[in-house]
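An overview of the molecular structure
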Amino acid sequence: MEKRALLLLAVAISVTVALVAYHQMSVQPYGAQPRHKSTAFAVYYGPVNSSIIQVLNQFSLVVLDPTQVNSSQLKEIKAVKVAYIDLGELTNVSISNVTPPPVVAIGYDSQWSQYIVNVSSPAWQEYIKSLVAAVMAMGFQGLLFDDVDVVELYPSTAPGVVEIINWTRAHYPHAVIGINRGFAILDNVSRLIDFVLFEDYGTEVTSPGKVEFSDPSFVVNMTHMLKAHNVTVLALGYAYHPGDAYWDTVVSLAKSQGVPYFVSNWNLSVIWQENLRQ
């Protein structure tokens, strides 16, 4: 645990160095943003249909893959609707004729077979901003930026990550904005976001279809850090089925820290209604 904490500290220092020239612009004082205090949230990246909508309507906030839902279906969902957008890796998402730019890769994620992108690239910045505009026009009320932890491997991308979040808050001041983890840039974006989705909360996906336990002490320490930044924490964990050891670990850990949780299968393609019993 000490080695991991020291590593994260070193990364944070590198990110801070990368952000020095950008800092004054990146943390514009928008004032205290409203924090979404969800007690029941869902993260679902599977296809949306009428049956799924009935289940989603039992939650107060839902994170969805915008390629798996249409505007008409969004109107039927009563929950706060948040669109998943991969900020740090290339997933070839095309919405409303918004397509990814060519040749922006700076690395490769072998676990998920996806290219890591240069988030600071002007072409990538324009793509993400156009994607944000497209999903908001669809009827989403917020955004979840994923893979912002790219800054831990490539600190030079930190200004690009912060710029996107800053731009989104400026252009959509009432949007619910979240990031997945992103501990290394929290000092620079906590005033701009409403929540942090803390993925791997007690369990993690180590390869497609494979769930394992994660470091609970790291989870607890990072939860305390997030709360110190006055950011709502939403715990996301993985299991094979409700009630197994992985499920119990996530639920127990989240309850001990007083944060809402959602547990799903490895690719977030199911919604277990047992998540509502909290």
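Residues numbered from 1 in each chain as written. Predicted model: local features only at pLDDT ≥ 70, side-chain atom pairs only at ≥ 80, totals over all residues. Heavy atoms only, no water.

Some details on the packing of aromatic side chains
Following the criterion strictly, the structure yields 13 aromatic pairs and no others. Geometrically, the ring pair formed by tyrosine 108 and tyrosine 115 is edge-to-face, given 5.0 Å between the ring centres and 65° between the ring planes. The partly exposed category is assigned to tyrosine 115, whose relative accessible area is 46%. With a centroid separation of 4.9 Å and 85° between ring planes, the pair formed by phenylalanine 198 and tyrosine 201 is classed as edge-to-face. The same class applies to phenylalanine 198 and to tyrosine 201, which are both buried. Connected via pairs of aromatic rings, a cluster forms that spans Phe183, Phe198, Tyr201 and Phe218. (Phe/Tyr/Trp six-rings, centres within 6.5 Å; stacked < 30°, edge-to-face > 60°. Buried < 20%, exposed > 50% of the residue type's maximum accessible area, 1.4 Å probe, protein only.)

Some words on the sheet that holds strand β11 (residues 232–238)
Strand order in the open sheet made by the eight strands is β1-β2-β3-β6-β7-β8-β11-β12, with parallel pairing throughout. With partners counted over all chains shown, the strands left at the sheet margins are β1 (41–44) and β12 (261–264), one partner each. Across this sheet, the average inter-strand angle for adjacent strands is 20°, counted without regard to direction. Judged from the four bridges that link them, strand β6 (residues 142–146) and strand β7 (residues 176–180) form a sheet pairing that is parallel. Note that in β7 the partner of leucine 143 across the bridge is isoleucine 177. Docked against the sheet, helix α9 (residues 216–228) engages β8 (195–199) and β11, running at close to 175° with respect to β8. (Pairing = 2+ DSSP bridges. Helix = DSSP H or I, 4+ residues; strand = E, 2+ residues; numbered from the N terminus. Axes fitted to C-alpha atoms, helices over the stretch in contact; angles between N-to-C directions. Contact = heavy atoms within 4.5 Å.)

Examining the environment of alanine 184
For alanine 184, the location among the structural elements is in the loop between β7 and α8 (186–189). For the pair alanine 184 and valine 151, spaced 33 residues apart in sequence, the C-alpha to C-alpha distance is 7.3 Å.

Points about helix α7 (residues 158–171)
The end-to-end C-alpha distance of α7 is 20 Å, a good match for the 20 Å that 14 residues give at a rise of 1.5 Å each. Taken across its 14 residues, α7 has 12 buried, putting it largely inside the fold. If you check which residues of α7 are buried, you get Ala158, Pro159, Gly160, Val161, Val162, Glu163, Ile164, Ile165, Asn166, Trp167, Thr168 and Arg169. (Expected span 1.5 Å × (residues − 1).)

Let's talk about the pairing of strand β4 (residues 105–109)
Where β4 lies against strand β5 (residues 114–117), four bridges are found, and the strand directions are antiparallel. Each bridged residue has a counterpart across the sheet, and for alanine 105 the counterpart in β5 is valine 117. Between β4 and β5, which pair antiparallel and follow one another directly, the connecting turn spans four residues, one of which, serine 113, has a positive phi of 55°.

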